[in-house]
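A structural walkthrough
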Amino acid sequence: MATSNRIIKKYPNRRLYDTEISSYITLEEVRQLVLDGEIFEVRDAKTNDDLTRSVLLQIIAEHEQLGQPMFSVPLLTQIIRFYGDALQGLMGPYLERSMQVFLEQQQQFRKQLTSVVGQTPWAMLNDLTTRNMDLWQNLQRSLVESANARTAAKPAPDGNAATGNSGTGHAHGGAPPRPVGAKSGGKSPR
């Protein structure tokens, strides 16, 4: 693996030129660099702008059209909805951390699978799934707590707390809504 970033230049004709091997390469060869763990940057040949993300997204888009897609329509729709949302800045790090946890669990599972000592693969898988769910729930909890902390710290335009109400704790500033069929006076219907 190279110690410095490998530079790939992208020309206006959409061709990719690998400066390390002084040759044009295909998008599939760029994908192979990713699989090989090579560190590289894709730069616009004229402006020197960093195009690495757009090329990687292009590789993902092409592979999503082949075989079994990794991203479902609901998942992609939800990701698109996060653009422009207040939580957009948290989503990237959250997805990165989720991927790290997944990769760590995958490596641990492979290690355990190769050294099965008196434990069936199904028991190991159940154990790993339980631990993975705990980590996933902790990640979600920390994301929600972080989002709540950011929301609480930001004053509302009228000077009230970030909830935007007059301190009643309810969305419309009044008493909490009564369940359907409940009578006033504190007694429940029989």
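No experiment lies behind these values; they were computed from the predicted model shown.

**Regarding the overall build of the chain**
The number of helices and strands found in the chain is five helices and four strands. Along its sequence from the N terminus, the chain presents helices and strands in the succession β-β-β-α-β-α-α-α-α. Across the 190 residues of the chain, 16% fall into the buried class. Put simply, 42% of the contacts in the chain that link residues at least 6 apart link residues at least 24 apart.

**Structural notes on the nonpolar core**
The nonpolar side chains of a soluble globular protein tend to be buried with one another. Core analysis: the largest hydrophobic core is formed by ten residues, namely I8, L16, I25, L27, V30, L33, F40, V42, V55 and I59. Elements with a contribution of two residues or more to this core: α1 (27–35), β4 (40–44) and α2 (52–65). For V55, the contacting residues outside a window of four places in its chain are K10, L27, V30 and V42. Judged by nonpolar contacts, the second largest core, of five residues, contains F82, M91, Y94 and V101.

**So, the side chain of E41**
For E41, the position within the fold is in strand β4. On the accessibility criterion, E41 (18% relative accessible area) is buried. Ignoring sequence-local partners within four residues, the contact set of E41 consists of N5, R6, I7, I8 and T52.

**Quick word on the pattern of salt bridges**
Under the counting rule described, the total for this entry stands at six salt bridges. Note that R6 is salt-bridged to E20, the shortest N-O span being 3.8 Å. Of the two residues, R6 is situated in strand β1 (residues 6–10) and E20 in the loop between β2 (16–18) and β3 (23–25); the sequence distance between them amounts to 14 residues. In this structure E20 comes out as partly exposed when scored by relative accessible area, which is 47%.

**Some words on the packing of aromatic side chains**
Two measures describe an aromatic ring pair: the distance that separates the ring centres and the angle between the ring planes. Applying the stated rule across the entire model yields three aromatic pairs. Ring centres 5.2 Å apart and planes at 70 degrees place the aromatic pair Y17 and Y24 in the edge-to-face group. Exposure remark for Y24: the relative accessible area of 38% places this residue in the partly exposed category. Every member of this aromatic cluster is reached through a ring pair, and the members are Y11, Y17 and Y24. The positively charged end of R15 is found above the aromatic ring belonging to Y24, 3.9 Å away from the centroid.

**With respect to the pairing of β1**
Working note: regular strand, side chains alternate between the two faces of the sheet. Where burial is concerned, the two faces of β1 differ: the one with R6, I8 and K10 is buried and the one with I7 and K9 is not. Sheet analysis places β1 next to β4, joined by five bridges and oriented parallel. Within β4, the residue paired with I7 across the bridge is E41. Relative to β2, β1 runs antiparallel, the two sharing three bridges. Across the sheet, K9 pairs through a bridge with Y17, a residue of β2. As consecutive antiparallel partners, β1 and β2 are separated by five residues, and within that stretch R14 has a phi angle of approximately 70 degrees, a positive value.

Rules of the game
- Residues numbered from 1 in each chain as written.
- Predicted model: local features only at pLDDT ≥ 70, side-chain atom pairs only at ≥ 80, totals over all residues.
- Heavy atoms only, no water.
- Helix = DSSP H or I, 4+ residues; strand = E, 2+ residues; numbered from the N terminus.
- Buried < 20%, exposed > 50% of the residue type's maximum accessible area, 1.4 Å probe, protein only.
- Contact = heavy atoms within 4.5 Å.
- Core = buried A, V, L, I, M, F, W, Y, C linked by side-chain atoms within 4.5 Å.
- Salt bridge = Lys/Arg side-chain N within 4 Å of Asp/Glu carboxyl O.
- Phe/Tyr/Trp six-rings, centres within 6.5 Å; stacked < 30°, edge-to-face > 60°.
- Lys NZ or Arg CZ within 6 Å of the ring centre and 35° of its normal.
- Pairing = 2+ DSSP bridges.

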